[in-house]
Amino acid sequence: QVQLVESGGGLVQSGGSLRLSCTASGSILRINTMGWHRQAPGKQRDLVAGITSGGSTNYVDSVKGRFTISRDNAKNTVYLQMNSLEPEDTAIYFCNADVVSYHRMYEYTYWGQGTQVTVSS
């Protein structure tokens, strides 16, 4: 099986920064797109940023210029550098990875358990 483990969440003041990390492990043959989603209380889970295996990125408009997604393919790890954080960024952040595993031998989307990010005003 495949597991995704996130780290790096926490409490920060408005204007501050945090860096989230997410590492995939298990019976991995190949990882295609990786990304970050977030879910605020009472709201749906929405895409924040994504990155392909080749390094192409996309962002939701509200984080462009403030957040940067990157990945280390050798470590099966995706990062989210979050700068100029705002109270509206408060949410649980989930990483996801589209993985072809030895177990399934086809692409399947795995999710991390989520990490809380709280931005105080």
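Residues numbered from 1 in each chain as written. Predicted model: local features only at pLDDT ≥ 70, side-chain atom pairs only at ≥ 80, totals over all residues. Heavy atoms only, no water.

**Student:** Got a minute to help me understand the overall build of the protein chain in this structure?
**Tutor:** Secondary structure summary: the protein chain contains zero helices and 11 strands in total. The helix and strand sequence of the protein chain, counted from the amino end, reads β-β-β-β-β-β-β-β-β-β-β. What you see for the protein chain is a C-alpha radius of gyration of 14 Å, in line with the 14 Å of a compact globule of 121 residues. Seen through its principal axes, the protein chain has C-alpha atoms that stretch 45 × 25 × 20 Å. A burial count over the protein chain gives 41% of its 121 residues as buried. Looking at the protein chain alone, contacts between residues at least 24 apart form 57% of all its contacts between residues at least 6 apart. (Helix = DSSP H or I, 4+ residues; strand = E, 2+ residues; numbered from the N terminus. Rg over C-alpha atoms; globule rule 2.2 N^0.38 Å. Buried < 20%, exposed > 50% of the residue type's maximum accessible area, 1.4 Å probe, protein only. Contact = heavy atoms within 4.5 Å.)

**Student:** Is there a simple way to explain the state of the cysteines in this structure?
**Tutor:** Two cysteines, two sulfur atoms, one covalent bond between them: this is a disulfide. Under the defined criterion, the tally for this structure stands at one disulfide. With its sulfur 1.9 Å from that of its partner, Cys 22 forms a disulfide with Cys 95. Looking along the S-S bond of the Cys 22-Cys 95 disulfide, the torsion reads about 40 degrees, which is the right-handed sense. Placement of Cys 22 in strand E3 (residues 18-26) and of Cys 95 in strand E9 (residues 91-101) is noted, with a sequence separation of 73 residues between them. A relative accessible area of 0% means that Cys 22 is categorised as buried. (Disulfide = S-S within 2.5 Å.)

**Student:** Would you mind showing me how to read unusual backbone geometry here?
**Tutor:** A negative phi angle is the norm for most residues apart from glycine, just as the trans form is the norm for most peptide bonds. A positive phi angle, close to 55 degrees, is found at Asn 76, a residue other than glycine. Summarising the element assignment, Asn 76 is placed in the loop between strand E7 (67-72) and strand E8 (77-82). Not every positive phi belongs to a glycine, and Ser 84 is a case in point at roughly 50 degrees. Relative to the helices and strands, Ser 84 is located in the loop between E8 and E9.

**Student:** Just to check I follow, could you spell out the nonpolar core for this structure?
**Tutor:** Side chains that are nonpolar tend, in soluble globular proteins, to be buried together. Leu 4, Trp 36, Val 48, Phe 67, Leu 80, Met 82 and Tyr 93 are the most contacted members of the largest nonpolar core, which totals 29 residues. Within the residue set of this core, elements represented by two or more residues are strand E1 (2-7), E3, strand E4 (28-39), strand E5 (46-51), E7, E8, E9 and strand E11 (115-120). In terms of residue count, the dominant contributor to this core is E9 (five residues). Beyond its immediate sequence surroundings of up to four residues, Val 48 is in contact with Trp 36, His 37, Arg 38, Asn 58, Tyr 59, Val 60, Val 63, Phe 67, Leu 80 and Tyr 93. (Core = buried A, V, L, I, M, F, W, Y, C linked by side-chain atoms within 4.5 Å.)

**Student:** Just checking my understanding: could you explain the pattern of salt bridges for this structure?
**Tutor:** Any two side chains of opposite charge can pair, given that their charged atoms come close. Within the structure shown, the criterion is met by four salt bridges. One network of salt bridges, with partners in common, ties together Arg 38, Arg 66, Glu 86 and Asp 89. (Salt bridge = Lys/Arg side-chain N within 4 Å of Asp/Glu carboxyl O.)

**Student:** Quick question: what am I supposed to make of the sheet that holds E1 here?
**Tutor:** Backbone hydrogen bonds hold the strands of a sheet together, and the pairing may be parallel or antiparallel. Strand order in this open sheet of four strands is E1-E3-E8-E7, and the pairing throughout is antiparallel. At either margin of the open sheet sits one strand with a lone partner, and together these are E1 and E7. Across the sheet, the mean angle separating the axes of adjacent strands is 15 degrees when strand polarity is ignored. In the sheet, E7 pairs with E8 via six bridges, with the strands oriented antiparallel. Its bridge partner lying in E8, Asp 72 is registered against Thr 77. (Pairing = 2+ DSSP bridges. Axes fitted to C-alpha atoms, helices over the stretch in contact; angles between N-to-C directions.)

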